Amino acid sequence: MRKRYCAIAILLVVLTIGCERGDDSNSPMLDNLPSVIITDPKLAEAAIVLDANAAREQHGKPSLQQDAQLQALARAYSEQMAEQGFFGHVTPDGQTLADRFERFGISYRVIGENLARFEGEFVSIPIDEVVAGWLNSPGHRANLLDEANHGFTHTGVGIAARPTPQTDRVAYYYTQLFLRR
């Protein structure tokens, strides 16, 4: 399985605009590879899924299958947070995660959600920081590593970016969804 992650990481390197050396990567997937400059949100979403699955593998958990519906829902929610300038699991008008799943017509037994937000001047979309941050946060870690044994089998990651009116710096919004059907 580790070979598959490395092959996909190499593919990401080939598809990106450029590479730079870096020694500060916390990403298990990118150990011993150059730091990758990723400016395409779709590539960044895929890289986060790979990092998440590498972390799960290190903790004896099975990989999550990437799901196109979950990815679309995650991306839509990140876009909504970016456009409306809020950050949270519940929208300003009170819509919950379950409401969003219902609106998208996605059935489930158990669902979970991790969110992240980074603001700053980045050359690349922040990727390594997201999974590392989730692993360092008890609630996010519980979802990512399925510590409550919900039996999550599928995931979807969505990223949106918008300049903030207050600072003119870009804010990146991340949503990772977890599902067991």
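Residues numbered from 1 in each chain as written. Predicted model: local features only at pLDDT ≥ 70, side-chain atom pairs only at ≥ 80, totals over all residues. Heavy atoms only, no water.

1. A look at the sheet that holds strand S6 (residues 170-180)
Basically, it comes down to this: When DSSP finds at least two bridges between two strands, those strands are taken to pair. Numbering of helices and strands starts at the N terminus; helices are DSSP runs of H or I of at least 4 residues and strands are runs of E of at least 2. Whether two residues are in contact is decided by their heavy atoms: any pair within 4.5 Å suffices. To obtain an axis, a line is fitted to C-alpha atoms, over the contacting stretch when the element is a helix, and the angle between two such axes runs from 0 to 180 degrees between their N-to-C directions.
Pairing within the open sheet is mixed, and its 4 strands lie in the order S3-S5-S6-S4. On the outer flanks of this sheet lie strand S3 (65-66) and strand S4 (110-120), each paired with one strand and no other. The pairing of S3 with strand S5 (residues 154-163) spans 2 bridges and is classified as parallel. Its bridge partner lying in S5, glutamine 65 is registered against histidine 154. Seen against the sheet, helix H2 (residues 41-58) touches S3, S5 and S6 and runs at an angle of roughly 135° to S5. On the sheet, helix H5 (residues 128-135) packs against S4 and S6 and is oriented at approximately 125° with respect to S4.

2. A closer look at the nonpolar core
In plain terms, the rule: In these notes, a set of buried Ala, Val, Leu, Ile, Met, Phe, Trp, Tyr and Cys residues joined through side-chain atoms within 4.5 Å is what counts as a nonpolar core. Exposure is judged per residue with a 1.4 Å probe applied to protein chains only, and the accessible area is read against the type maximum: over 50% gives exposed, under 20% gives buried, and values in between give partly exposed.
Judged by nonpolar contacts, the single largest core of 25 residues is most densely connected at Ile48, Trp134, Leu144, Ile159 and Tyr174. For this core, the secondary structure elements donating two or more residues are H2, S4, H5, S5 and S6. Here this core takes 7 residues from H2, the largest share from any one element. For isoleucine 48, the contacting residues outside a window of four places in its chain are Ile127, Val130, Val131, Trp134, Val157, Ile159 and Tyr174. Within the second largest apolar cluster, 9 residues are counted, among which are Ala74, Leu97, Phe101 and Ile111.

3. Quick word on the packing of helix H3 (residues 68-84) against helix H4 (residues 97-104)
In a packed pair of helices, the relevant descriptors are the angle between the two axes and the axis-to-axis distance. How we decide: Small angles under 35 degrees read as roughly parallel and large ones over 145 as roughly antiparallel, with 65 to 115 read as roughly perpendicular and the rest as oblique. Should the near helix be turned anticlockwise from the far one by less than a right angle, the crossing is termed left-handed; should it be turned clockwise, right-handed.
Running from N to C, H3 and H4 point in directions that differ by 125°, and their axes come no closer than 11 Å. As judged from the angle between their axes, H3 and H4 are oblique. Once H3 is placed against H4, the crossing between them reads as right-handed. Side by side, H3 and H4 meet where Gln69, Leu70, Ala72, Leu73, Ala76 and Tyr77 of the first sit next to Arg100, Phe101 and Phe104 of the second.

4. Focus: the packing of H2 against H5
Axis separation between H2 and H5 bottoms out at 9 Å; the angle between their running directions is 35°. Taken as a pair, H2 and H5 cross one another with a handedness that is right-handed. Between H2 and H5, the residues in contact are Ile48, Asp51, Ala52 and Ala55 and Asp128, Val130, Val131, Trp134 and Leu135, respectively.

5. Some remarks on the environment of alanine 161
In this structure, alanine 161 sits in strand S5. According to the relative accessible area criterion, alanine 161 is partly exposed, its value standing at 33%. Measuring from C-alpha to C-alpha, the distance between alanine 161 and proline 41 comes to 8.6 Å, with 120 residues separating the pair along the chain. Leave out the neighbours within four places in its chain, and alanine 161 touches Val170, Ala171 and Tyr172.

6. Details of the packing of aromatic side chains
Quick reminder of the rule: Stacked, tilted and edge-to-face pairs are distinguished by plane angle, under 30 degrees for stacked and over 60 for edge-to-face with tilted covering the rest, among Phe, Tyr and Trp rings (Trp via its six-membered ring) whose centres lie within 6.5 Å. Throughout this description, the term charge over a ring refers to an Arg CZ or Lys NZ atom that lies within 6 Å of the ring centre and within 35 degrees of the ring normal.
Counted by the stated rule, this structure contains 4 aromatic pairs. On the basis of an interplanar angle of 70° and a centroid distance of 5.4 Å, the ring pair of phenylalanine 101 and tyrosine 108 is categorised as edge-to-face. Residue phenylalanine 101 is classed as buried on the basis of its relative accessible area, which comes to 0%. Looking at tyrosine 108, the relative accessible area reads 34%, which means it is partly exposed. Measuring from ring centre to ring centre gives 5.9 Å for phenylalanine 118 and tyrosine 174, while their planes differ by 90°; the resulting arrangement is edge-to-face. One end of the pair, phenylalanine 118, is in strand S4; the other, tyrosine 174, is in strand S6, and 56 residues separate them in sequence. Exposure remark for tyrosine 174: the relative accessible area of 0% places this residue in the buried category. Of note, arginine 100 hangs over the ring of tyrosine 77, and the distance from its end group to the ring centre comes to 3.4 Å.

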